[in-house]
Amino acid sequence: MHIELPEKRYYSIGEVAKAFNVNTSLIRFWEKEFDALKPKKNAKGNRKFTPEDIKNLKLIYHLVKERGFTLEGAKIHLKEGKKDTLSNFEIISKLEDVKNQLIKIKEHL
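Residue positions are given per chain, counted from 1 along the sequence in the order it is written. Reporting of local features is limited, given that this is a predicted model, to residues whose pLDDT is at least 70; pairs of side-chain atoms are given and counted only at 80 or more, and all residues count toward the totals for whole chains, interfaces and linings. Excluding hydrogens and water, the side-chain figures rest on all heavy atoms present in the structure.

## A look at the packing of aromatic side chains
To keep things clear, this is the line we draw: Within 6.5 Å between ring centres, the rings of Phe, Tyr and Trp (the latter by its six-membered ring) count as paired, and their orientation is classed by plane angle as stacked under 30 degrees, edge-to-face over 60, tilted in between. Secondary structure elements are taken from DSSP: a helix is a run of H or I of four residues or more, a strand is a run of E of two residues or more, and numbering for both begins at the N terminus. Here's how the labels work: a residue is buried when its accessible area is under 20% of the maximum for its type, exposed when over 50%, partly exposed in between, all with a 1.4 Å probe on protein chains only.
For the coordinates displayed, the defined rule picks out 2 aromatic pairs. An angle of 50° between the planes, with centres 5.7 Å apart, marks the rings of Phe20 and Tyr61 as tilted. In this pair, Phe20 is assigned in helix H1 (residues 13-20) and Tyr61 in helix H3 (residues 51-66), connecting sequence segments 41 residues apart. A single burial state applies to Phe20 and to Tyr61, both of which are buried. Look at Trp30 and Tyr61: their rings are 6.5 Å apart centre to centre, the planes differ by 75°, and that puts the pair in the edge-to-face class. Linking Trp30 in helix H2 (residues 24-33) with Tyr61 in helix H3, this pair joins segments that are 31 residues apart in sequence.

## A closer look at the pattern of salt bridges
Condition: Only one rule defines a salt bridge in this text: a Lys or Arg side-chain nitrogen within 4 Å of an Asp or Glu carboxyl oxygen.
Scanning the model with the defined rule gives 5 salt bridges in all. Measuring nitrogen to oxygen at the nearest pair gives 2.8 Å for the salt bridge that ties Lys75 to Glu33. Of the two residues, Lys75 sits in helix H4 (residues 71-108) while Glu33 sits in helix H2, which places them 42 residues apart along the sequence. Among the residues examined, Lys75 registers a relative accessible area of 18% and is labelled buried. Because the salt bridges share partners, they merge into one network encompassing Glu31, Lys41 and Arg47.

See the structure below:
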């Protein structure tokens, strides 16, 4: 999955939900379920997601939505092998980006 977000320090929950094509309620639910998600909250209580939070969300989305893990399975997988999972996920993401760039180049030929 390719997520397009501008380079910023903080993202609103609406921006994040739109980028992942999910409801904001799902993002809030995952925040409660996964310890890795800890967005900052301002005085009003609005969530502000950092690039690190986005990276964790991508990993959770990959495990739950793309690979079909249950929430418990994803939690266990993240706790036991986060380093390996993150490394593999980053490699896959980079390869998908290269693939998308090559497709764009091919279309312009």
